[in-house]
Amino acid sequence: GNSVTQMEGPVTLSEEAFLTINCTYTATGYPSLFWYVQYPGEGLQLLLKATKADDKGSNKGFEATYRKETTSFHLEKGSVQVSDSAVYFCALRLDTGRRALTFGSGTRLQVQP
Amino acid sequence: DGGITQSPKYLFRKEGQNVTLSCEQNLNHDAMYWYRQDPGQGLRLIYYSQIVNDFQKGDIAEGYSVSREKKESFPLTVTSAQKNPTAFYLCASNPRGGFADTQYFGPGTRLTVL
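Residues numbered from 1 in each chain as written. Chains lettered and ligands numbered in written order. Predicted model: local features only at pLDDT ≥ 70, side-chain atom pairs only at ≥ 80, totals over all residues. Heavy atoms only, no water.

Visitor: Explanation requested: the sheet that holds strand β9 (residues 75–77) of chain A in the structure shown.
Guide: Neighbouring strands of a sheet are bound in pairs by backbone hydrogen bonds; such pairs are parallel or else antiparallel. All names here are of chain A. The strand order β3-β9-β8-β7 describes an open sheet built from 4 strands, whose pairing is antiparallel. Because the sheet does not close on itself, it has two edges, and the strands there are β3 (19–21) and β7 (56–59). Going from strand to strand, the sheet's axes swing by 15° on average, the running direction of each strand aside. With 3 bridges connecting them, β3 and β9 associate as antiparallel partners. If you follow Thr 20 over to β9, its bridge partner there is Glu 76. (Pairing = 2+ DSSP bridges. Helix = DSSP H or I, 4+ residues; strand = E, 2+ residues; numbered from the N terminus. Axes fitted to C-alpha atoms, helices over the stretch in contact; angles between N-to-C directions.)

Listed below in structure tokens is the structure:
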């Protein structure tokens, strides 16, 4: 079946540190890949996405590259801010059947001033 | 502004009661979804609907029911048969088209069983 594996959190960083959150996937087919962010008590917001191999998604200083050979979609940011503190979800979606998102378990990021 | 609304934000239920969670969207999206989120876990799919008057079970449909009588509305009923209903419930929607389309989420309803 399809699945997404994320690194466990929490990830605690100081402001301006470099961020990497690892994400790998298993899929029967060629999925689109997504990163969503969730702030406390809220729904999910799309952060970025990539639809085919070697695509790079980017938004608000975050980047992730679709690596088909390693089935990965790691999230990176060069300099985190306190306002980036949230839970980050990696997800995949196939172009067949229900087209629902399959999520990883989420990674909590805590950025300290 | 276009978006997805969910109500109520917080809901308390006594054991043995059925409760209905509302989800409304004005994005003119064909497809709608219900997910359940438990602490420290990702979201799991309960039900989905890709067109009006049609819906399908997701991965954890037992103890839940839905209807899709209007394009903009997809209410979820948590029945007394759901053994552990305390969770955060998220509704989502997207255009029926390609799999790269963004899926938009509502703000969620937190259900607590007393």
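Still more ground to cover, so stick around.
Visitor: Please clarify how the nonpolar core should be interpreted in this entry.
Guide: Considering soluble globular proteins, one finds that nonpolar side chains tend to be buried as a cluster. All names here are of chain A. Ranked by internal contacts, the top residues of the largest apolar core, which has 26 residues, are Leu 19, Trp 35, Leu 48, Phe 73, Leu 75 and Tyr 88. Elements with a minimum of two residues in this core: β2 (11–14), β3, β4 (23–26), β5 (32–38), β6 (44–50), β8 (62–65), β10 (86–93) and β12 (107–112). Discounting chain neighbours no more than four positions away, the residues touching Leu 75 are Leu 19, Thr 20, Ile 21, Trp 35, Leu 47, Leu 48, Phe 62, Glu 63, Ala 64 and Tyr 88. (Core = buried A, V, L, I, M, F, W, Y, C linked by side-chain atoms within 4.5 Å. Buried < 20%, exposed > 50% of the residue type's maximum accessible area, 1.4 Å probe, protein only. Contact = heavy atoms within 4.5 Å.)

Visitor: Explain the sheet that holds strand β8 (residues 76–78) of chain B here, please?
Guide: All names here are of chain B. With antiparallel pairing, the 4 strands of this open sheet are ordered in space as β1-β3-β8-β7. A strand with exactly one partner marks an edge of an open sheet, and here the two such strands are β1 (4–7) and β7 (64–66). Each adjacent strand pair in this sheet contributes to an overall mean axis angle of 20°, direction not counted. Judged from the 3 bridges that link them, β7 and β8 form a sheet pairing that is antiparallel.

Visitor: Help me understand the pairing of β1(B) in this model?
Guide: It is a general feature of regular strands that their side chains alternate between the two faces of the sheet. Residue and element names in this part refer to chain B. Burial along β1 is one-sided: Ile 4 and Gln 6 are buried, while Thr 5 and Ser 7, pointing the other way, are not. Where β1 and strand β3 (residues 19–25) come together, 4 bridges link them in antiparallel fashion. Looking across to β3, one finds that Thr 5 is bridged to Glu 24.

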